[in-house]
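A structural walkthrough
In case you want the letters, here they are:
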Amino acid sequence: MSQARIKKQESKDVKTESTPKVSNSDTLFYLVLGFIILFIPVFHVRTALDITLFPRLTAVCTMLTIVTAYLALKKPGWMKQASSVLRNPVFLILILFWFTLVITMLFARQPVEGFFDLFKNLLFVTAICVVSMLFVSKPDWHVRIPWMVMIASLIALAIGAKQYYEKVFLTEGRYLKDGREDIYAVEGIMSHKNEYSNALMLMLPFLLYGIYKLKGPSRIIASILTALQITMIILLKTRAVWVGVVAIGLVAAIAIVLDYQKMGISRQWRNVIGALMVTGIATITVIYNLPKATDDFSVVGRIQSITDTQSWHNINRIKIWGATVEMIKDHFWLGVGPGNWNMEYYTYVQGLFAGIQQTNWGRPHNDFLWVFAEKGIFGFILFLSFFLYLFYLGIQVLRKSDDKNSRILAVLLMGSVASYLCISFFSFPIERINHQLYLALISAGLIALHHSVTDRQSWRSLSSFVLLPLVPLLGFGAYYGTRAVEMEQHLKAARVARERKMYPVMELEAKQAVNPFRLLDNNSSPAEEFIASALYLQGKNDEALTFINRGLDIFPENIVMLGRKGEILVALKQYKEAQTIFEKGLKLVPYSRELLYNRGVCYYYQGMYTEALESMSKIKKGKRGKEISEKIRFLKKIVAEEKRTGKKYPPPPNQ
């Protein structure tokens, strides 16, 4: 071989060695993690009632169906070693929790309503399985993730900044049309301001690790993005997230101060971090000892309101918590079943609220109480055990690992688990797909770190076929999600038709929304309520009564449907039956404007003018409006005239 050919071959060999081939695990790593971190946070369907919930459930179930089928049937070579991570006891806890859902679902009032919980938890478990294996197969995973989160952070901040500028900065008024502060218009693509704020918080540990691990311009970018995210979190004024961010800082600071040498932190930086921690605690203490802020929605006011049980920010939530505790007492062992809290709690809030809107919570805004109420004591213990075991994994990494990178990352991930638990106490991250996927990333990170410091011989590989049963379950989850999105699209169209007084269109859309796999919409009403309303508005009262009764068979205590049935009965001149329905509703919500007014109408058509006046007069003056105020004045004249003459006015015609 000539010298030229030899040199050419050597050059080719060197090039081949310096440019390693991209393996199939690399491709899958970026596909799965890119899908979770970059695609899902922006994926939405504007025509759905909740633009993110079921669309993202459908998308994730579809992706995981394909990935698990590939892993189970293709059996890639890298999986043989990586599958050993699935022997971690944390997966046993997750599997037991999922089967607890199945069991409690069987005893629920409406088992069908548990499907969402079932598939959402299934995708959570599967996501942890897949991501854990991918992390184990890539020892440098912790360097790859911050870059992806940085891109996701940039996208999230750009969307939020645009909304803040257009809907808060440029607006003159402080309140939205529905009465909320204008900051609630800033929601990213997350359905709600609080969900957006939560998502920003769950990115922080990966950004902080990027500041620690990356070098040069990359570190500067990570630092800027972290500062911008914290600024946005402050602007959003979500109190639970503020507590969560403090939790991340406290966990990290305490761990570093106590164990700074093994983490490669100098004594000087240890002192700086310790001083910052003390300063932060002192600042919060000072704020709490300041005179009470006159503006409850100011930064100081929001901080002070966190522990103020009499604050209007908290008082209704505390009522709901108390009602949920009573529900737990009555359903201690098996709970009321997944997805059934919103159908059971009406009887527990009897008389606690003045209006229908105040009762329409849908969830207790506390994941601990929510899980206990729906899954019973065993589900609650498993729920807590999962988080406790994540902390155990992190502590084991701190004890056994000599790698400062692993120790720093473990501390940040434990801080993120603590922050998640903080928002779980005030909100409902367990429901939101985006939050569950980030929790899956955090959990997989701790599992992979723990796997790296344990005896590899004790982790035997598992057959890829263990993933095979997940394929049809996830596939059905994707189908369920698709049907749920279609239901919401029809219901949203029905609402638009109602606003435009296109009642035949409303009826058609509502009938197409009936779904055997999901009975209630995001306002806890079945499609039958919309059908009945459309028929009632068209004057088809007999048909309307048939459908409203079907709706009440699904959810007998639904206040909106009770009121609608009463209106229909009045239209059918069945006054005694209507009166009974209104009384039933008013036992649950004693000062409901709608129920008091319609009960007054029912009395009016019976010629019971004194009773009609008493009923309508119970409506608070600030909620009466022009029409009700005029009717009250009219009734006062009739009652006064009856008293003056001693004669009863005949009932008016009801046409």
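Rules of the game
Residues numbered from 1 in each chain as written. Predicted model: local features only at pLDDT ≥ 70, side-chain atom pairs only at ≥ 80, totals over all residues. Heavy atoms only, no water. Helix = DSSP H or I, 4+ residues; strand = E, 2+ residues; numbered from the N terminus. Buried < 20%, exposed > 50% of the residue type's maximum accessible area, 1.4 Å probe, protein only. Contact = heavy atoms within 4.5 Å. Core = buried A, V, L, I, M, F, W, Y, C linked by side-chain atoms within 4.5 Å. Expected span 1.5 Å × (residues − 1). Axes fitted to C-alpha atoms, helices over the stretch in contact; angles between N-to-C directions. Left-handed = near helix turned anticlockwise from the far one by under 90°. Nonpolar A, V, L, I, M, F, W, Y, C, P; charged D, E, K, R; others polar. Salt bridge = Lys/Arg side-chain N within 4 Å of Asp/Glu carboxyl O. Polar contact = N/O pair within 3.5 Å; in protein donor to acceptor, adjacent residues only side chain to side chain.

Along the chain, Asn434 falls in helix H18 (residues 433-452). What makes Asn434 buried here is its relative accessible area of 2%. Sequence separation of Asn434 and Asn314 is 120 residues, and the distance between their C-alpha atoms is 26 Å. For Asn434, the residues in contact, after removing those within four places along its chain, are Ile40, Pro41, Arg56, Met190 and Ala199.

Let's shift gears to the nonpolar core. If you look at the biggest cluster of nonpolar residues, it comprises 214 residues, and the most contacted ones within it are Val32, Leu33, Ile37, Phe135, Ile145 and Phe386. Contacts of Ile37, omitting those with residues within four sequence positions, involve Ile145, Met148, Val149, Ala152, Tyr438 and Leu441.

Backbone geometry places Lys75, a non-glycine residue, at a positive phi of 55 degrees. Overall, the relative accessible area of 45% leaves Lys75 in the partly exposed class. Even without being a glycine, Lys573 presents a positive backbone phi close to 65 degrees. Tracing the backbone through its elements, the reader meets Lys573 in the loop between helix H23 (559-571) and helix H24 (575-588). On the accessibility criterion, Lys573 (51% relative accessible area) is exposed.

Given a rise of 1.5 Å per residue, 23 residues ought to cover 33 Å, and the 33 Å separating the end C-alpha atoms of helix H11 (residues 267-289) matches this to within 8%. Taken residue by residue, H11 has Arg270, Ile273, Gly274 and Ile287 as its buried positions. Residues of H11 that are buried sit in contact with helix H10 (239-258) and helix H12 (299-305).

What follows deals with the packing of helix H6 (residues 115-137) against H18. Any two packed helices are characterised by the angle at which their axes cross and by the distance between the axes. At their nearest, the axes of H6 and H18 sit 8 Å apart, and the two run at 35 degrees to each other. The crossing of H6 and H18 is right-handed. Listed contacts from H18 to Phe116, Lys120, Leu123, Phe124, Ala127, Ile128, Val131, Ser132, Phe135 and Val136 of H6 are Ile433, Gln436, Leu437, Leu439, Ala440, Leu441, Ser443, Ala444, Gly445, Ile447, Ala448 and His451. For the contact of H6 with H18, the class distribution of residues is 16 nonpolar, five polar and one charged.

So, on to the pattern of salt bridges. Two side chains with opposite charge may pair up if their charged atoms get near one another. Enumeration according to the criterion identifies 27 salt bridges in this entry. Ionic pairing is found between Glu166 and Lys162, a salt bridge with its closest N-O pair at 3.0 Å. Within this pair, Glu166 and its partner Lys162 are both found in helix H7 (residues 141-169), separated by four residues, close to a single helical turn. Between Lys631 and Glu627 there is a salt bridge, with the nearest N and O atoms lying 3.6 Å from each other. Here Lys631 and its partner Glu627 are both found in helix H27 (residues 625-645), four residues apart, which amounts to about one turn of the helix. Since its relative accessible area comes to 32%, Lys631 is described here as partly exposed. If you follow the salt bridges from partner to partner, you end up with Asp50, Glu195, Arg363, Glu431 and Arg432 in one network.

A word on the environment of Asn366. Here Asn366 is to be found in the loop between helix H15 (356-359) and helix H16 (367-400). Separated by 58 residues in sequence, Asn366 and Ser424 place their C-alpha atoms 5.7 Å apart. Those residues in contact with Asn366, other than ones at most four positions away along the chain, are Trp321, Ser424, Phe425 and Ser427. Of note is the side chain of Asn366, whose polar atom sits 3.0 Å from the backbone nitrogen of Leu369.

Before going further, it helps to spend a moment on the side chain of Asn342. With respect to the element layout, Asn342 can be found in helix H14 (residues 341-344). A residue is classified by how much of its surface remains accessible, and Asn342, at 10% relative accessible area, is buried. At 3.1 Å, the side chain of Asn342 forms a polar contact with the side chain of Ser524. Here Asn342 is in contact with Gly362, Leu520, Ser524 and Phe555, once residues within four sequence places are set aside.

Coordinates in, geometry out; function isn't part of it.
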